[in-house]
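Inside the fold
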Amino acid sequence: MEIRTLADDELRTAQTLFMRSLHRPPVTDEQWELVGRSFEPGRTWGAFAGDVLAGTALSWASKLRVPGGQVRGLAAVTRVGVRADHRRRGVLTGLMRAQLAEVAARGEVFAGLRATEPVIYGRFGYGVATRFHTVTVARDRAVFHPGLPATGEVRLLDTDRALEVLPDLYERIVRARVGSMARPDALWRTSFGWPIGTGHDPRIAVHTGPDGDEGYAVFAARRPDAGNATLEVDDLQGSSPAAVAALWRFLLSIDLVDEVKVLSRPVDEPVEAMFVDQRAVSKVVPMNDLWLRVVDVPEALAARSWGGPLTLEVRDALLPGNTGVYRVSESGVDRVDAEPELSVDVDVLAQLYFGRWTVSALAGVNRLRVANPEAAARADAAFALPATAWTGTFF
Ligand SMILES: CC(C)(COP(=O)(O)OP(=O)(O)OC[C@H]1O[C@@H](n2cnc3c(N)ncnc32)[C@H](O)[C@@H]1OP(=O)(O)O)[C@@H](O)C(=O)NCCC(=O)NCCS
């Protein structure tokens, strides 16, 4: 099997392979006009069995906001697929290894993906780092609490205008959110581009408050033929609770709608508390958000803020240069020759990095090793975060 990056004239074959692996039809010529521009040079991999493209995976250059607020390079991995007649022969394994080596060589500190099949990626060092809630609100019970902020105005934009407004607005909004990622150009282009020829018709609402644009929602009505519709909101972002509340107010005011379902919101957001009858929130489904792979462990440890000093060992079978014992504290990170208080595999480090679990909790289920109970308490304090991380971007 030959594994190499693809040339421009091979990208459409890769796209077709990916679509078919998800049981979707290949893109039409019209869709390819947009999708074809969503590949970044040198970042799409192919695995060849003879002259047959057997598998593909790509990444986009992005940035991830780490605890403490610094940003570091993130390779946003997507469009992973293997031909059905070449599966379980190590094609994915070959692609993942080549891609991680590429990401490391680019100096990107992290790789991240969204997994359709959760059992696959742990073996390559990925772990679920952040989570989100999918929230559904029933319109007939949705009476807002009288104290809920009501500010500003909401206007609808067409797609062309939205592509001018949303990327900057998004970047402004997520500056305050640990776990958020920069959205590659390609992502904006494909998320709004897919509708061509698919019948999917997203609408875009922007909220303006006292300081200008403060939030937006991208939504579409699903099942409109079955009576009243569900409004599915693929993306809702606001720079303040008031902006988010204003968008909920707008979405729940739209006629011929039974319920509003927002795909991704932070797990610590008190949505129920917006309503007089908290049963207005008919469903909250917790889901995996970002699957994180720490590619450069020393740099990832140095970038993050720490709630106290800790000596930890990281083991990484795929990128062995990461394996070692590190002393972390507010003043920096050093490799040391010392007994670690905590030992983790690199996929478990990903699950601790944004505070998804405490060290003590993972020690209880044998996912890591702590030297003694005092070390567990020190490690809990070291990793603790003041706010819950949220990524909230699909790619
Ligand atoms: C998932 C997919 C990419 C795996 O590719 P593949 O080339 O068959 O994977 P590999 O042969 O390299 O397998 C690597 C390991 O993962 C395991 N694995 C792969 N896919 C798996 C799955 N769906 N369920 C459970 N285990 C899986 C293999 O058994 C193998 O385990 P081993 O190393 O212990 O032997 C491929 O089946 C596919 O394209 N599926 C449809 C599209 C898709 O799911 N894309 C991923 C979106 S996140």
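Because the structure is a prediction, the values reported are computed rather than measured.

1. Digging into the pattern of salt bridges
Two side chains of opposite charge can pair, provided their charged atoms sit close to one another. Applying the stated rule across the entire model yields 24 salt bridges. Among the ionic pairs, Glu108 bridges to Arg43, the shortest N-O distance being 2.9 Å. With Glu108 in the loop between α3 (91–106) and β5 (110–113) and Arg43 in the loop between α2 (29–35) and β2 (44–49), this pair connects stretches of sequence that are 65 residues apart. In terms of burial, Glu108 and Arg43 fall into one category: buried. Between Asp85 and Arg83 there is a salt bridge, with its nearest N and O atoms 2.8 Å apart. Here the salt bridges do not stand alone but share partners, grouping Glu2, Arg4 and Glu10 into one network.

2. With respect to the UniProt feature "domain: N-acetyltransferase" (unreviewed entry) in the chain
Per the UniProt annotation, the sites labelled "domain: N-acetyltransferase" (unreviewed entry) are residues 1–151. In residues 1–151, helix accounts for 23% and strand for 33%; the two terminal C-alpha atoms are 59 Å from one another.

3. Overview of the domain arrangement of the chain
On domain assignment, one finds that the chain holds domain 1 (2–113), domain 2 (132–288) and domain 3 (296–383). Computed over C-alpha atoms only, the centres of domain 1 and domain 2 are separated by 29 Å. Taken together, the 22 residues of domain 1 in the interface contact 18 residues of domain 2. For the pairing of domain 1 and domain 2, the buried interface totals around 1500 Å² over both sides, and the portion due to carbon and sulfur atoms is 68%.

4. Considering the sheet that holds strand β4 (residues 71–82)
With mixed pairing, the seven strands of this open sheet are ordered in space as β1-β2-β3-β4-β5-β14-β6. Across the chains shown, the open sheet's two edge strands, defined by having one partner strand only, are β1 (2–5) and β6 (127–128). Relative to β4, strand β3 (residues 52–65) is paired through ten bridges, and the arrangement is antiparallel. The residue of β4 that forms the bridge with Ser59 is Val77. The sheet contacts of helix α1 (residues 11–21) involve β2, β3 and β4, and relative to β4 the element is tilted by about 75 degrees. Relative to the sheet, α3 contacts β1, β2, β3, β4, β5 and β14 (291–294), its axis offset from that of β3 by approximately 35 degrees.

5. Observations concerning the side chain of Glu102
With respect to the helices and strands, the residue Glu102 is situated in helix α3. Once you skip the residues sitting within four places of it in the chain, Glu102 turns out to touch Gly42, Arg43, Trp45 and Ser59.

6. Re the site of the ligand
Lining the immediate surroundings of the ligand are 20 residues, of which Val82, Arg88, Gly90, Thr93 and Arg123 lie closest. Take Arg88: an N or O atom from its main chain is 2.6 Å from an oxygen atom of the ligand. Contact with the protein chains hides 72% of the accessible area of the ligand, taken as 890 Å² for the molecule alone.

The rules behind each value
Residues numbered from 1 in each chain as written. Predicted model: local features only at pLDDT ≥ 70, side-chain atom pairs only at ≥ 80, totals over all residues. Heavy atoms only, no water. Salt bridge = Lys/Arg side-chain N within 4 Å of Asp/Glu carboxyl O. Helix = DSSP H or I, 4+ residues; strand = E, 2+ residues; numbered from the N terminus. Buried < 20%, exposed > 50% of the residue type's maximum accessible area, 1.4 Å probe, protein only. UniProt positions renumbered as here; feature names shortened; annotations may be inferred. Domains from an automatic or database assignment. Contact = heavy atoms within 4.5 Å. Buried area = accessible area lost by both parts, 1.4 Å probe. Pairing = 2+ DSSP bridges. Axes fitted to C-alpha atoms, helices over the stretch in contact; angles between N-to-C directions. Near = heavy atom within 4 Å. Polar contact = N/O pair within 3.5 Å; in protein donor to acceptor, adjacent residues only side chain to side chain. Areas by Shrake-Rupley, 256 points an atom, 1.4 Å probe, with all protein chains shown as cover.

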